[in-house]
Amino acid sequence: GDYLAGAQAALAVMLGVWHREKTGEGQLIEIGQAENASPMLAQAFMEYAMNGTLPERRGNRSLYDFAPTGVYACRPSGTAEECGDRWIAISIETDEQWRALRGAMGDPAWSKDPALETNAGRLSAHDGIDAQLAAWTADKDDYELFHALQESGVPAAPVLEASRAFDDAHVLARGLYQPQTLYDQVGTFRFNTPFLRFSETPTSVRQPPVAFGEHNDYVYRELLGISDAEYQRLVEAGHIAQEFDATIP
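Calculation rules
Residues numbered from 1 in each chain as written. Predicted model: local features only at pLDDT ≥ 70, side-chain atom pairs only at ≥ 80, totals over all residues. Heavy atoms only, no water. Core = buried A, V, L, I, M, F, W, Y, C linked by side-chain atoms within 4.5 Å. Buried < 20%, exposed > 50% of the residue type's maximum accessible area, 1.4 Å probe, protein only. Helix = DSSP H or I, 4+ residues; strand = E, 2+ residues; numbered from the N terminus. Pairing = 2+ DSSP bridges. Salt bridge = Lys/Arg side-chain N within 4 Å of Asp/Glu carboxyl O.

A. Representation of the nonpolar core in the model. Ile88, Ile90, Leu101, Leu149 and Val154 are the most contacted members of the largest nonpolar core, which has 18 residues in total. Elements with a minimum of two residues in this core: strand 2 (87-91), helix 4 (95-105), helix 6 (126-137) and helix 7 (142-151). When residues in this core are grouped by element, the largest group, four residues, is from helix 4.

See below:
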């Protein structure tokens with residue numbers, strides 16, 4: 001909800017300005033973070049409102065009851081505390097994909113059970129399939145397995161913690177992160193860009209995250225036209241600042 005509330009607040013401000021310029025009327029904008037994030041749970045609300053069903057936790061399993069769908073441990077490079085654990089997501093949605101997975105595994109005896117030839121059969125045996133898949137993936141490199149499964153027609157992808165995502169080939173090809181130097185000399189870091197790409201409307205990061213008070217001069221002096229003397233008075237009164245109060249821990 002954190003990033004979503006910020007994005008929606010920015011959109012609300014732009015719509016408010018548009019409305020003001022079109023009608024001359026101002027707007028009151030109220031954004032509660034929890035309420036703002038509620039559309040992310042639309043399916044759960046509708047399930048209860050329309051069917052009287054309280055949704056239960058599904059873990060990594062398919063919302064649409066495809067099977068098998070899950071996240072399976074691969075060969076680790078270190079401890080979980082050091083982010084050295086490795087995992088791969090596998091999501092089978094069709095019988096054809098199931099047969100492709102069987103082939104990638106070498107068609108083991110357990111997978112030849114006729115009951116597993118349909119999604120309904122696999123769904124009822126999900127726990128057992130998960131155990132077999134976990135045993136199969138446990139000694140394999142997540143990226144090597146990912147490529148092998150994809151080439152076989154099996155939807156799969158490595159599960160990446162943040163530090164690994166920066167150097168993922170797909171992420172690099174998409175240009176999803178761009179280096180930005182922070183205003184307050186904290187350093188240069190890579191920040192995520194808009195994930196959408198348009199042919200006629202460039203999307204990129206035009207500036208790094210704004211530091212506390214970074215645009216004070218621009219807003220007060222240029223936009224509001226406050227004199228130097230008035231600006232200094234507001235600074236001394238504590239209304240304008242570029243540093244947090246030293247008394248705040």
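Still more ground to cover, so stick around.
B. Focus on the pairing of strand 4 (residues 177-181). Pairing geometry for strand 4 and strand 5 (residues 188-192), over five bridges, is antiparallel. When the bridges of strand 5 are listed, threonine 181 appears paired with threonine 188. Here strand 4 hands over to strand 5 after six residues, with glutamine 185 in that stretch at a positive phi of 65°.

C. Broad picture of unusual backbone geometry. Across the junction of alanine 67 and proline 68, the peptide omega takes the value -5°, indicating a cis bond. Relative to the elements of secondary structure, proline 68 occurs in the loop between helix 3 (42-51) and strand 1 (69-73). At cysteine 83, a residue that is not glycine, the phi angle is positive and equals roughly 60°. Along the polypeptide, cysteine 83 turns up in the loop between strand 1 and strand 2. By relative accessible area, which is 37% here, cysteine 83 ends up partly exposed. Backbone geometry places aspartate 107, a non-glycine residue, at a positive phi of 50°. Mapped onto the fold, aspartate 107 is located in the loop between helix 4 and helix 5 (119-124).

D. Fine view of the pattern of salt bridges. Counted by the stated rule, this structure contains twelve salt bridges. For arginine 122, the salt bridge is made with aspartate 95, and the minimal N-O distance between the two is 3.0 Å. Placement of the pair is arginine 122 in helix 5 and aspartate 95 in helix 4, with a sequence separation of 27 residues. Of the residues examined, aspartate 95 reaches a relative accessible area of 31% and is grouped as partly exposed. Of the charged contacts, one joins arginine 221 and aspartate 228 as a salt bridge, the two residues approaching to 2.4 Å between their closest N and O atoms. Take arginine 221: its relative accessible area is 30%, and that puts it in the partly exposed class. Among the charged side chains, a network of salt bridges with common partners joins Arg61, Asp127 and Asp130.

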